[in-house]
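Secondary and tertiary structure notes
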Amino acid sequence: MHHQWLLLAACFWVIFMFMVASKFITLTFKDPDAYSSKEEVLFLTAMPDTGRLRGEKPFLEELKPTEKVLSDSQLVQPLVYLERLELIRNVCRDEALKNLSHTVVSKFVLDRIFVCDKHKILFCQTPKVGNTQWKKVLIVLNGACSACRVSHCAVRGAFPSIEEIPENVVHDHEKNGLPRLSSFSNAEIQKRLKTYFKFFIVRDPFERLISAFKDKFVHNPRFEPWYRHEIAPGIIRKYRRNRTETRGIQFEDFVRYLGDPNHRWLDLQFGDHIIHWVTYVELCAPCEITYSVIGHHETLEDDAPYILKEAGIDHLVSYPTIPPGITVYNKTKVEHYFLGISKRDIRRLYARFQGDFKLFGYQKPDFLLN
């Protein structure tokens with residue numbers, strides 16, 4: 001009987017020692033692995049607690065109300081915009097492209113830049129790249145117009161939202177209340193160029209020319225008859241090869257005019273109407289003016305919210321809804337419009353717009369040139 005009690009006690013002692021040893025092993029070896037794994041997950045998904053103010057919500061809690069997780073494209077967005085600006089700086093330093101990338105900051109350029117003093121924003125207009133919507137954004141931000149600049153403003157306080165602004169008001173610079181940078185003194189111009197948020201939008205240069213041709217010469221608005229009745233005949237007279245051809249202006253005529261190294265004498269006759277097809281360099285002087293952000297029409301779904309955020313106005317206004325697919329580059333359309341146009345004429349056109357292709361990272365259209 002005595003031996004049985006001794007054996008039972010020994011069993012309990014062995015079991016007790018095994019439990020102690022197991023606990024020791026767990027504390028010593030298991031925790032570092034678990035901590036390392038946990039630390040790695042936190043590094044990828046959350047901001048560290050160091051320096052957080054009392055009551056401040058952690059990063060993951062801040063995301064909960066939107067029910068969104070940042071995508072890879074959203075996480076790298078700032079890098080994309082920095083790379084665009086760096087590309088511009090590099091091309092501007094390229095002596096071989098100097099004649100295609102540099103221009104004088106003339107009144108023509110300053111006329112293209114619209115001012116929002118209230119929020120310290122400068123927007124350079126690049127027609128046929130969705131500029132109408134951006135002008136609407138500025139109209140709303142400006143509170144329609146400034147009484148000190150426009151004595152009889154038809155839109156003062158009348159359009160609190162973008163959707164309510166009619167197209168004819170947007171493009172009527174006597175009514176839209178958007179001052180141009182050229183309307184200020186030299187000192188005021190320099191001050192705004194140095195301190196304001198500055199941006200403009202670009203798109204594939206050849207696709208933009210197609211859009212300009214369609215808008216001004218094919219679907220010509222009734223309130224802009226001079227494109228079809230004055231500018232088109234001038235281009236046809238000088239650049240149409242088949243003099244017996246009686247049709248209206250064709251895209252081939254337009255391409256030949258734009259690619260002509262001596263196009264400027266016609267440009268002077270056409271006046272400011274040429275803004276719809278001259279280069280981005282001629283419009284906005286990206287090598288002379290240091291812009292804050294360059295948006296791309298092809299990625300406008302991401303670029304528009306980013307621009308509003310960087311300008312500090314995303315809580316005041318939203319960019320209008322973009323119809324699906326409207327900003328996507330359409331290679332088939334480009335091929336269709338250039339079909340039948342001589343390689344010589346296309347190469348001359350590219351020679352003029354090469355600066356735009358290089359500055360803004362658009363691929364050389366070898367499928368048209370070779």
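Placed above this text is the structure.
Residues numbered from 1 in each chain as written. Predicted model: local features only at pLDDT ≥ 70, side-chain atom pairs only at ≥ 80, totals over all residues. Heavy atoms only, no water.

**So, the state of the cysteines**
Enumeration according to the criterion identifies two disulfides in this entry. The disulfide bridge from C92 ends at C287, spanning 1.9 Å between sulfur atoms. Sign of the S-S torsion, about -90° for the bond between C92 and C287, identifies this disulfide as left-handed. Remark: C287 occurs in the loop between helix 14 (280–284) and strand 4 (293–296) and C92 occurs in helix 4 (residues 77–92); sequence separation between them is 195 residues. Since its relative accessible area comes to 15%, C92 is described here as buried. (Disulfide = S-S within 2.5 Å. Helix = DSSP H or I, 4+ residues; strand = E, 2+ residues; numbered from the N terminus. Buried < 20%, exposed > 50% of the residue type's maximum accessible area, 1.4 Å probe, protein only.)

**Focus: unusual backbone geometry**
The backbone of K120 sits at a positive phi, close to 55°, despite the residue not being glycine. Turning to its location among the elements, K120 is positioned in the loop between strand 1 (113–116) and strand 2 (121–124). With phi around 75°, K128 is a residue other than glycine that occupies positive phi space.

**Thoughts on the pairing of strand 1**
Burial along strand 1 is two-sided: the face carrying I113 and V115 and the face carrying F114 and C116 are both buried. Summarising the sheet, strand 1 and strand 2 pair through four bridges and their orientation is antiparallel. Along strand 2, the bridge assignment pairs C116 with I121. Here strand 1 hands over to strand 2 after four residues, with K120 in that stretch at a positive phi of 55°. (Pairing = 2+ DSSP bridges.)

**Focus on the sheet that holds strand 4**
Overall, mixed pairing links the four strands, which are arranged 1-2-3-4 in an open sheet. Where the open sheet ends on each side, the last strands, each with one partner, are strand 1 and strand 4. Going from strand to strand, the sheet's axes swing by 20° on average, the running direction of each strand aside. Of the pairings in the sheet, the one linking strand 3 (residues 197–202) to strand 4 comprises four bridges and is parallel in character. In the sheet register, V202 faces strand 4, and the bridge partner there is H296. Against the sheet, helix 15 (residues 300–310) engages strand 3 and strand 4, with an angle of about 155° to strand 4. (Axes fitted to C-alpha atoms, helices over the stretch in contact; angles between N-to-C directions. Contact = heavy atoms within 4.5 Å.)

**Quick look at helix 15**
Among the residues making up helix 15, those that are buried are L300, D303, A304, Y306, I307 and L308. Just beyond helix 15, the residue with positive phi is G312, at close to 75°.

**Considerations on the side chain of R240**
Locating R240 in the fold gives a position in the loop between helix 11 (226–239) and helix 12 (251–259). The class of R240 is buried, set by a relative accessible area of 6%. Here the side chain of R240 touches R247 through a polar contact of 2.7 Å, landing on its backbone oxygen. Beyond its immediate stretch of four places on either side in the chain, R240 contacts I235, E245, T246, R247, G248, I249, Q250, D253 and R256. (Polar contact = N/O pair within 3.5 Å; in protein donor to acceptor, adjacent residues only side chain to side chain.)

**What to know about the packing of helix 10 (residues 205–218) against helix 16 (residues 331–338)**
Taken N-terminus to C-terminus, the directions of helix 10 and helix 16 make an angle of 65°; their axes are 10 Å apart at the nearest point. As helix 10 packs across helix 16, the resulting crossing turns out to be left-handed. Mapping the contact onto sequence places F206, E207, I210, F213 and K214 in helix 10 and K333, V334, Y337 and F338 in helix 16. (Left-handed = near helix turned anticlockwise from the far one by under 90°.)

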